[in-house]
Amino acid sequence: MEPHLLEACVREVLNDTAPRVMAVLEPLKVTITNFPAEKAFKVSVPNFPADESKGFHMVPFSSTVYIEQTDFREVMEKGYKRLTPNQPVGLRHAGYVISIQNVVKDGSGKVVELEVTCTKSDMAEKPKAFIHWVSNPLVCEVRLYDRLFMHKTPEDPSEVPGGFLSD
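Residues numbered from 1 in each chain as written. Predicted model: local features only at pLDDT ≥ 70, side-chain atom pairs only at ≥ 80, totals over all residues. Heavy atoms only, no water.

Turning our eyes to something else, we now look at the layout of surface pockets. Taken as a whole, the largest pocket holds about 490 Å³ of empty space. Considering the residues around the largest pocket, the lining is formed by 18 residues, among which Met22, Ala23, Val134, Pro137 and Leu138 are closest to the centre. Here the lining of the largest pocket takes 3 residues from strand 3 (residues 56-61), the largest share from any one element. In terms of residue class, the lining of the largest pocket is built from 15 nonpolar, 3 polar and no charged. (1 Å grid on protein atoms, 1.4 Å probe; cavity = no way out; pocket = protein on both sides within 12 Å on 5 of 7 lines; lining within 4 Å. Points joined across faces, edges and corners; volume = space filled by probe spheres on them. Helix = DSSP H or I, 4+ residues; strand = E, 2+ residues; numbered from the N terminus. Nonpolar A, V, L, I, M, F, W, Y, C, P; charged D, E, K, R; others polar.)

Its place among the elements puts Glu113 in strand 7 (residues 111-120). The contact partners of Glu113, leaving out residues within four places of it in the chain, are Leu28, Lys29, Thr31, Asn102, Val103 and Val104. Side chain to side chain, Glu113 and Thr31 meet in a polar contact 2.5 Å long. (Contact = heavy atoms within 4.5 Å. Polar contact = N/O pair within 3.5 Å; in protein donor to acceptor, adjacent residues only side chain to side chain.)

When pLDDT is low, close inspection of the predicted coordinates is not appropriate. Looking at the protein chain as a whole, the pLDDT averages 92, with 99% of positions reaching at least 70. Looking over the protein chain, one finds the lowest element-wise mean pLDDT in helix 1 (residues 3-17), namely 88, and the highest in strand 4 (residues 64-68), namely 98. (pLDDT = per-residue confidence, 0-100.)

The next point concerns the UniProt feature "domain: tRNA synthetases class I (E and Q) anti-codon binding" (unreviewed entry) in the protein chain. Mapped onto this numbering, the UniProt entry gives "domain: tRNA synthetases class I (E and Q) anti-codon binding" (unreviewed entry) at residues 130-156. For residues 130-156, the helix share is 0%, the strand share is 7%, and the end-to-end C-alpha distance is 42 Å. (UniProt positions renumbered as here; feature names shortened; annotations may be inferred.)

Below, the discussion takes up the pattern of salt bridges. Across all of its chains, the model carries 4 salt bridges by this definition. The salt bridge partner of Asp71 is Arg82, with a shortest N-O separation of 3.1 Å. On the criterion of sequence distance, the pair formed by Asp71 in the loop between strand 4 and strand 5 (89-91) and Arg82 in the loop between strand 4 and strand 5 is long-range, its members being 11 residues apart. Residue classification places Arg82 among the partly exposed positions, given a relative accessible area of 32%. Taking the shortest distance from any N to any O, the salt bridge between Glu77 and Arg73 comes out at 3.0 Å. (Salt bridge = Lys/Arg side-chain N within 4 Å of Asp/Glu carboxyl O. Buried < 20%, exposed > 50% of the residue type's maximum accessible area, 1.4 Å probe, protein only.)

Shown next, in the form of C-alpha cells:
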C-alpha cells in the first residue's frame, strides 16, 4: 500500500473521531489595543468543524492572544495569505479581523509582539485567511508525527538501496 493512501485513511478516521482544539507551538504575542470588552469572554468553538452537531467547547478570548510565528511576516510575499502590516486576517471562531498597528522587536531585531486593532468580521472586508490563536494558553505535551517513509515505494531497492528500514 502506498504510504500516502494510508495517511489519507488515517486522516479520514481522525476527522470523525478526534475533537479539534487550537494549539500554538511557536507563539507570537498579539495585543489587541481596542479589545471590544472590559475583560475576557468565552467563544464557542466546534469540536468537529465538519459536523457541528457533535458539539462545541468554550475557549477564552482576551486582549492578549498568541498566534503561530509563521502566521506573520513583516514583508508581504506573493501568495502569502497570513498576517502582514498590509494584510489583515480573521481570528478563527472569534468573529474578529485583526490589523497590524505596531511591530515590537527585541534588541536583536526579532519580532516579540504585535499590537493590533480588531474589527467585527461583519463590519470588515472579508480577509484572505483565518488563523488559529490561543488566549490564556495551557501547557501541554504535543507529539508531532510526520511521514513514516521518505519515498513512495520504500521497499523498492532501486529507489531505496539501503532497504525500507533506512528510509
